[in-house]
Amino acid sequence: MTTMDERTIAELIRADRAHFIHPQYYAPDHENPIVFDHGEGVWLTDARGRRYIDGLASLWNVAVGHGRGELADAAAAQMRKLAFTSAYTGFTNVPAIELAQKVLELTYDNMAGVFYTNSGSESNEGALKVARFYWNLQGRPDKVKLIARERSYHGGTLATSSMTGMAPFWKYFGPMVPEIVHTRKPDNLECDCEPNTDGECAHWMEAAIEREGANTVAAVICEPVKGAGGVFPPSDDYFRTLREICDRHDVLMIADEVITGFGRTGHWFALQRWDVQPDILSIAKAITSAYVPMGAFIVSRPIMDALQDLPPDARFMHAYTNSGHPAAAAVGLRNLQIFEDENLVANAAAMGDRLMDGLRSRLGGHAHVTNIRGLGLMAGFTLVRDAERGTPYEPSEATGGKVARHMREEGGVITRFVGDHIVMAPPLVVNGDEIDIMLGAVDSAVRAVAGE
Ligand SMILES: Cc1ncc(COP(=O)(O)O)c(C=O)c1O
């Protein structure tokens, strides 16, 4: 096991602080970063040799766990044979063809075509572009708007930051991309839908489509479970009702399954739980378990047919150098083989149940915990001053941050807090003992920070 001496660590951190602009950068947050050294399964080890459970699968993406030699071997073999070649017009490669076939086998029955990207942001950006392109092909060029939901996260490009339904992601970056709008609670809502865990229902989307005018709306975009916003699963009816609303208004449904795709919710893809099919599907993260970056947007049969039957003056002028990268595709194929060999989708469902049961039994009646929620191996809860009255903590109290820090420093479990929401999503290879360690850490942290 490699560990580093204190001088080396201090020098690395000095250089990090001096030169490394981190995602969601705020320099004081990087005063004393953990320098990771290696990982195995759900465990990460830092440069001092301290071990942590990776309670968020790093960024929801290291599905098969750390240190998988099979994936390194798959990358090395493909790199030796053919690391890269163009997939632009007239060229293709074997791993990219095979991975497209494999992914289509696993996704919704109506899906027919795969466009490879390098990230979830690029997948969502492409999803919007292909939606607009499709409507133009249908002779409906006015259908350009995209409606996204509050509290959703869709990426870091300008268009996907605009899709993201959280204001801090817009501050100082404006003007944001026009024609991308968000749902809000309708004024006179009369329906008897069971609300989602964050309070909205599908009629919020219908109200937004009507507000904007359906003939101007290309698509809606939804995460099946809002992830980065704090893990908010939908009601059982949400996506069935939304599908019906989209069909009635002639609006495409984009499912952003960048987190929920590939087993995270206990199904290969989240909407399979409700027997709902989107028109466009965005994926990334777990397609390669993040061993190399890769993503894709995937289109339904009617959209694929339209793309394959373009008029002579139209070409889908959308491209990335690394689209269909052979080495990334080889890793993706081997990664999905691991999923199948190790029954990881079923394991996600079983371990997710254990995590939810444990959270409910340990924190269910706690005076400062509310809204314990989850789907598959994604779980969250909210810390509040008074659970009975639903009174929140003041943001300045930073209760969520304190709980997450206690979990990390005392319990050895790394996870995410979003304000006062604590979220957990370990790698899909997690076992029962490791779930119990996570539960012990979260239980102690809540009691230490918020009281018994
Ligand atoms: C639901 C969702 N969509 C899109 C993205 C953006 O993906 P990336 O960071 O790979 O660009 C993320 C990232 O966390 C995400 O959670």
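Conventions adopted
Residues numbered from 1 in each chain as written. Predicted model: local features only at pLDDT ≥ 70, side-chain atom pairs only at ≥ 80, totals over all residues. Heavy atoms only, no water. Helix = DSSP H or I, 4+ residues; strand = E, 2+ residues; numbered from the N terminus. Contact = heavy atoms within 4.5 Å. Near = heavy atom within 4 Å. Polar contact = N/O pair within 3.5 Å; in protein donor to acceptor, adjacent residues only side chain to side chain. Areas by Shrake-Rupley, 256 points an atom, 1.4 Å probe, with all protein chains shown as cover. Buried < 20%, exposed > 50% of the residue type's maximum accessible area, 1.4 Å probe, protein only. Salt bridge = Lys/Arg side-chain N within 4 Å of Asp/Glu carboxyl O. 1 Å grid on protein atoms, 1.4 Å probe; cavity = no way out; pocket = protein on both sides within 12 Å on 5 of 7 lines; lining within 4 Å. Points joined across faces, edges and corners; volume = space filled by probe spheres on them. Nonpolar A, V, L, I, M, F, W, Y, C, P; charged D, E, K, R; others polar. Axes fitted to C-alpha atoms, helices over the stretch in contact; angles between N-to-C directions. Parallel < 35°, antiparallel > 145°, perpendicular 65-115°, else oblique. Left-handed = near helix turned anticlockwise from the far one by under 90°. Domains from an automatic or database assignment. Buried area = accessible area lost by both parts, 1.4 Å probe. Core = buried A, V, L, I, M, F, W, Y, C linked by side-chain atoms within 4.5 Å. Pairing = 2+ DSSP bridges. Phe/Tyr/Trp six-rings, centres within 6.5 Å; stacked < 30°, edge-to-face > 60°. Lys NZ or Arg CZ within 6 Å of the ring centre and 35° of its normal.

Colleague: Help me understand the side chain of R243 in this model?
Modeller: Looking at the element boundaries, R243 is found in helix α8 (residues 238-249). Contacts of R243, omitting those with residues within four sequence positions, involve V251, M253, V276, Q277, P278 and D279.

Colleague: Looking at this structure, how should I read the site of the ligand?
Modeller: S119, G120, S121, N124, Y153, H154, G155, E223, D256, V258, I259 and K285 make up every residue found near the ligand. Here an oxygen atom of the ligand sits 2.5 Å away from a polar atom, N or O, in the side chain of S121. For the ligand, an oxygen atom lies 2.9 Å from a polar atom in the side chain of K285. For the ligand, the protein covers 83% of the area, taking 380 Å² as the surface of the free molecule.

Colleague: Would you mind going over the side chain of T107 with me for this structure?
Modeller: For T107, the position within the fold is in the loop between α4 (94-106) and β4 (111-117). With relative accessibility at 3%, the residue T107 sits in the buried group. Polar side-chain contacts of T107 include one of 3.5 Å to the backbone oxygen of L104. If we ignore the near neighbours within four places in the chain, the residues touching T107 are F269, Q272, L281 and I298.

Colleague: Would you mind showing me how to read the pattern of salt bridges here?
Modeller: Between side chains of opposite charge, pairing is possible as soon as their charged atoms come close. If you walk through the whole model with that rule in mind, you get 27 salt bridges. In this structure, R447 engages D443 in a salt bridge whose closest nitrogen and oxygen atoms are separated by 2.7 Å. Of this pair, R447 and D443 both sit in helix α13 (residues 432-450), 4 residues apart, roughly one helical turn. Here the salt bridges share partners, and the residues they tie into one network are R149, R151, D198, E200 and K226.

Colleague: Explain empty space enclosed by the protein here, please?
Modeller: In this approach a probe as big as a water molecule rolls over the atoms, and the regions it shows empty are the leftover space. All told, the structure shown has 2 cavities of 30 Å³ or more when counted by the stated rule. The residue makeup of the lining of the largest cavity, split by class, is 4 nonpolar, 3 polar and 2 charged. If you add up the space inside the second largest cavity, you get close to 30 Å³. Lining the second largest cavity are R149, N196, D198, E200, E223, P224, K226, F232, P233 and P234. Class assignment for the residues of the lining of the second largest cavity results in 4 nonpolar, 1 polar and 5 charged.

Colleague: Would you take a moment to explain the packing of helix α11 (residues 344-363) against α13 for this structure?
Modeller: The geometry of a pair of packed helices is captured by two quantities: the angle between their axes and the separation between those axes. Axis separation between α11 and α13 bottoms out at 10 Å; the angle between their running directions is 25 degrees. Judged by the inter-axis angle, α11 sits roughly parallel to α13. The way α11 lies across α13 gives a crossing that is right-handed. Residues M351, R354, L355, G358, L359, R362 and L363 of α11 lie in contact with α13, whose contacting residues are G432, I435, D436, L439, G440, V442, D443, V446 and R447. Tallied by class, residues from the contact of α11 with α13 come to 8 nonpolar, 3 polar and 5 charged.

Colleague: Got a minute to help me understand the domain arrangement of the chain in this structure?
Modeller: Often the size quoted for an interface is simply the accessible area lost on bringing the parts together. Domain annotation of the chain identifies domain 1 (34-64 + 343-450) and domain 2 (70-341). The gap between the C-alpha centroids of domain 1 and domain 2 is 27 Å. Tallying the contact residues gives 29 residues for domain 1 and 32 residues for domain 2. Here domain 1 meets domain 2 over a buried area of about 2,300 Å², counting both sides, of which 67% is carbon and sulfur. Run the count over domain 1 and domain 2 and you get 0 salt bridges. If you look at where domain 1 meets domain 2, you find 13 residue pairs in polar contact (both at pLDDT 80 or more).

Colleague: Help me understand the nonpolar core in this model?
Modeller: Counting residues in each nonpolar core, the largest one holds 91 residues, and the members touching the most others are V220, L242, F262, I283, F339, L359 and F381. Residues from two domains meet in this core; each of domain 1 (34-64 + 343-450) and domain 2 (70-341) gives at least three. V220 has contacts with L146, I147, M205, I209, L242, C246, V251, L252, M253 and I254, leaving out every residue within four places of it along the chain. Judged by nonpolar contacts, the second largest core, of 27 residues, contains F133, W135, A159 and Y320.

Colleague: Could you clarify how one ought to interpret the pairing of strand β9 (residues 280-283) in this entry?
Modeller: Walk down a regular strand and you will see the side chains alternate between the two sheet faces. Burial of the side chains of β9 extends over both faces: I280 and S282 are buried on one face and L281 and I283 on the other. Summarising the sheet, strand β8 (residues 252-256) and β9 pair through 3 bridges and their orientation is parallel. By the bridge assignment for β9, A255 is matched with L281. When β9 meets strand β10 (residues 295-300), the two strands line up antiparallel, connected through 4 bridges.

Colleague: Before we go on, may I ask you to explain the packing of aromatic side chains in this structure?
Modeller: Aromatic rings considered in pairs are described by the distance between their centres and by the relative angle of their planes. This model, assessed by the stated rule, comprises 12 aromatic pairs. Where F115 meets F316, the ring centres are 6.2 Å apart and the plane angle is 90 degrees; that geometry is what we call edge-to-face. Taken as a pair, F115 in strand β4 and F316 in the loop between α9 (301-308) and α10 (326-341) lie far apart in primary sequence, 201 residues in all. Assigned by exposure class, F115 and F316 land together as buried. Ring centres of F115 and Y320 lie 6.2 Å apart, and the angle between their planes is 70 degrees; this geometry places the pair in the edge-to-face category. Note that F115 is positioned in strand β4 and Y320 in the loop between α9 and α10, a separation of 205 residues in sequence. Accessibility classification places F115 together with Y320 in one group, the buried group. Each member of the aromatic cluster is reached from another via a ring pair, and the members are F115, F133, F297, F316 and Y320. The lysine or arginine in question, K143, covers the ring of W135, its NZ or CZ lying 4.7 Å from the ring centre. Directly above the ring of F232 sits R151, whose terminal nitrogen or CZ lies 4.4 Å from the centroid.

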